[in-house]
Amino acid sequence: MTSDIRTPPIPGLDFAASYRAISGRDARWDGRLYLGVTSTGIYCRPSCPARKPKPENCRFFPSAAACVAAGFRACKRCRPDTIPGSPDWNARGDLAARAVRRIRDGAVDEAGVPGLASELAVSERHLRRVLVEEIGASPLQLARTRRAHAARALIEQTDLPLADVAFAAGFGSLRQFGDTMREEFGVAPSRLVRGSTRAAAAGATGTAASDERPALALKLRTRAPFAAAPVRAHLAAHAVPGRDEVPADPAEPTRHAIDTPEGTTVARIDWDRIAAAPNDSVTIPVGLELPSLADTLPAIESLRRLLDLDADPGQLGGAFSDDPLLAPLIAARPGLRSPGARTPAEFALGVVLGQQISLAAARTVQGRLATAFARSDARPLARAEGFLAAPDPARIAETPLEELRTALGIMRSRAETLRTLAAAIAGGLDLGPGADRTEARSRLLELRGIGPWTAELIALRSLGDPDAYPAGDLILHRALGVESARAAVRRAERWRPFRGYAAQLLWADFLESNAKPPRKDRP
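Everything in this summary refers to the structure shown in the same document.

Scoring rules and cut-offs
- Residues numbered from 1 in each chain as written.
- Predicted model: local features only at pLDDT ≥ 70, side-chain atom pairs only at ≥ 80, totals over all residues.
- Heavy atoms only, no water.
- Helix = DSSP H or I, 4+ residues; strand = E, 2+ residues; numbered from the N terminus.
- Contact = heavy atoms within 4.5 Å.
- Phe/Tyr/Trp six-rings, centres within 6.5 Å; stacked < 30°, edge-to-face > 60°.
- Buried < 20%, exposed > 50% of the residue type's maximum accessible area, 1.4 Å probe, protein only.
- Expected span 1.5 Å × (residues − 1).
- Core = buried A, V, L, I, M, F, W, Y, C linked by side-chain atoms within 4.5 Å.
- Axes fitted to C-alpha atoms, helices over the stretch in contact; angles between N-to-C directions.
- Left-handed = near helix turned anticlockwise from the far one by under 90°.
- Pairing = 2+ DSSP bridges.
- Salt bridge = Lys/Arg side-chain N within 4 Å of Asp/Glu carboxyl O.

Here's the deal with the environment of Ala 117
Within the secondary structure layout, Ala 117 lies in helix α4 (residues 107-119). For the pair Ala 117 and Glu 212, spaced 95 residues apart in sequence, the C-alpha to C-alpha distance is 36 Å. Setting aside chain neighbours within four positions, we find Ala 117 in contact with Val 122, Ser 123, Glu 124 and Leu 127.

Okay, structure coming up:
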């Protein structure tokens, strides 16, 4: 450990400001700042209730992985490994932020560091240098910390054997699993406390025979507060037949098809069991029916994106608190989230189908798309009973125009746009969270039939850009009292870099203010 303890290891972290944050046990910094205590060798969240360390024993880091890379292990009291991901990386579009988002989505597990570097069009050496400079950890260290935190959650929340935990968390071997857990937590996996809650709540014990789909019951953590009702209302308004089951009773669980590497996962969200948890957090109980335990982390990341569980309500509340229009809306809906796309390509295709028609009509057409063009998968456990896989862009692109128009019951021009977009996606257009947002927007706008409204909505939900803003939306015009997209852009300038959340607030208010289904299309 370095002796120059007052020099922050990562540029941008001010020692004095960081020490003030931990002195006041300011929970607003949890997930953005980590404290390494040189006298104990542990790292903590800023809000840790333990005795404040002396300044000369403090080092500050921007990520848990950086702490581990510097030789610290997680505090057993404040559990910094349970903090939801930092939303700051979602607001940035640079190389480091794109890499972090892709590592969070499992890119290193799928293709290794060479594959991630190739995807980002840089060398492995350059990628490592940028991440070490920005975050204090290499791509591999970030991936190892992600696996370790997931493994500890599985150990605590399920009765899976440790070998299955290692497999589900993405470790390549039991030896790698044991070494990483010791490095992260200071003890062997077998010495970590096992949780008492069994996966029986999900209809299974957490294990499965070779001819059965595994099932797990987990609790996903997010920052408090969490506005569950508007999120559920959003999912209901956009439920696709064959892909979602959303009962009318708001207390009933909802079920959603989630696309994972080994097939279709079914996720159940138990809305009536959402509960407050320690450290100003909330837990969302979910059940996962998986094609394979290896799909556990991809399914969790998709669910976190769908429910926007890495959002920071305090940050958003502060950003909108002095705005005369948004302040009362966010005060009435503390903890509002901006749901993301479970499958970026599917969402983009669905937006095209939903242009200039009602939400109900859009759901019907999207259901036809899923039925006619669901990905086929012959693997025994890949298919989920009662649910469809996401539409296959390549099949859509290869379908003759008239056949596509007839199958979906849409206009010829809409079918042309759908097929053009499907061909672009099949040809490599990346619309996921790790994509270059500027390039993705530019390529979308080059496609005939796709304008700024469609491109911005895709940027908001698929690319995960919190500042995406469909200024041409008619409901936003009505809420803002303007008559043009240009006026809507001017009005929203003060909301940067969270214009997408501002739009979500206005849409949520519209949904709640109209008991009947909206007559105009709404994102």
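Now that the structure is up, let's keep going.
What about the packing of aromatic side chains?
Going through the model one piece at a time under the given rule, you end up with six aromatic pairs. With a centroid separation of 6.2 Å and an interplanar angle of 5 degrees, the aromatic rings of Phe 15 and Tyr 19 are classed as stacked. Of this pair, Phe 15 and Tyr 19 are both found in helix α1 (residues 15-23), four residues apart, which corresponds to roughly one turn of the helix. Each member of the pair, Phe 15 as well as Tyr 19, carries the same accessibility label: buried. Considering the side-chain rings of Phe 15 and Phe 60, the 5.3 Å spacing of their centres and the 70 degrees angle between planes classify their relative orientation as edge-to-face. Highlighted residues: Phe 15 in helix α1 and Phe 60 in strand β3 (residues 58-61), separated in sequence by 45 residues. The exposure classification of Phe 15 matches that of Phe 60, with both residues buried.

Examining helix α5 (residues 124-135)
For α5, which comprises twelve residues, the first-to-last C-alpha distance of 16 Å matches the rise-based estimate of 16 Å (1.5 Å per residue) to within 8%. Summarising the contacts, the buried residues of α5 are in contact with α2 (64-69), α3 (95-104), α4 and α6 (139-157). Positive backbone phi, at 90 degrees, marks Gly 136, one or two positions downstream of α5.

A closer look at the environment of Asp 272
If you trace the backbone, Asp 272 turns up in the loop between β8 (263-269) and β9 (275-277). For Asp 272, a relative accessible area of 53% puts it in the exposed group.

Quick notes on the nonpolar core
If you look at the biggest cluster of nonpolar residues, it comprises 61 residues, and the most contacted ones within it are Phe 320, Leu 408, Leu 418, Leu 421, Tyr 469 and Trp 495. Among the elements that line this core, the one with the most residues is helix α22 (residues 499-513), at eight residues. Among all residues touching Leu 418, those that are not within four sequence positions of it are Leu 349, Val 352, Leu 353, Leu 369, Ile 396, Leu 404 and Leu 408. Membership of the second largest hydrophobic core comes to 48 residues, among which are Val 68, Phe 72, Leu 307 and Leu 309.

Looking at the packing of helix α18 (residues 437-445) against helix α19 (residues 452-461)
Two elements in contact, α18 and α19, have axes separated by 9 Å at closest approach and are oriented at 145 degrees. Pair α18 / α19 crosses with right-handed handedness. Note on element contacts: α19 touches α18 through Pro 452, Ala 455, Glu 456, Ile 458 and Ala 459, opposite Arg 441, Leu 444 and Leu 445.

As for the pairing of strand β1 (residues 34-37)
Every second residue of β1 is oriented toward a common face, with Tyr 34 and Gly 36 on one face and Leu 35 and Val 37 on the other, all of them buried. Alignment of β1 against strand β2 (residues 42-44), held across three bridges, turns out to be antiparallel. The partner of Leu 35 across the bridge, within β2, is Cys 44.

With respect to the pairing of strand β7 (residues 254-260)
Across a regular strand the side chains alternate sides, sitting on one face of the sheet and then on the other. With five of its seven residues buried, β7 lies for the most part within the structure. When strand β6 (residues 244-245) meets β7, the two strands line up antiparallel, connected through two bridges. Along β7, the bridge assignment pairs Asp 244 with His 256. Summarising the sheet, β7 and β8 pair through seven bridges and their orientation is antiparallel. By the bridge assignment for β8, Arg 255 is matched with Arg 268. Following β7, the chain reverses through two residues before pairing antiparallel with β8.

As for the pattern of salt bridges
Counted according to the given criterion, the structure contains 37 salt bridges. Ionic pairing is found between Glu 183 and Arg 144, a salt bridge with its closest N-O pair at 2.8 Å. You can see Glu 183 sitting in helix α8 (residues 174-185) and its partner Arg 144 sitting in helix α6, a full 39 residues away along the chain. Overall, Glu 183 belongs to the partly exposed group, its relative accessible area being 31%. Sharing partners across several salt bridges, the network here consists of Arg 243, Asp 244, Asp 259, Arg 342 and Glu 346.

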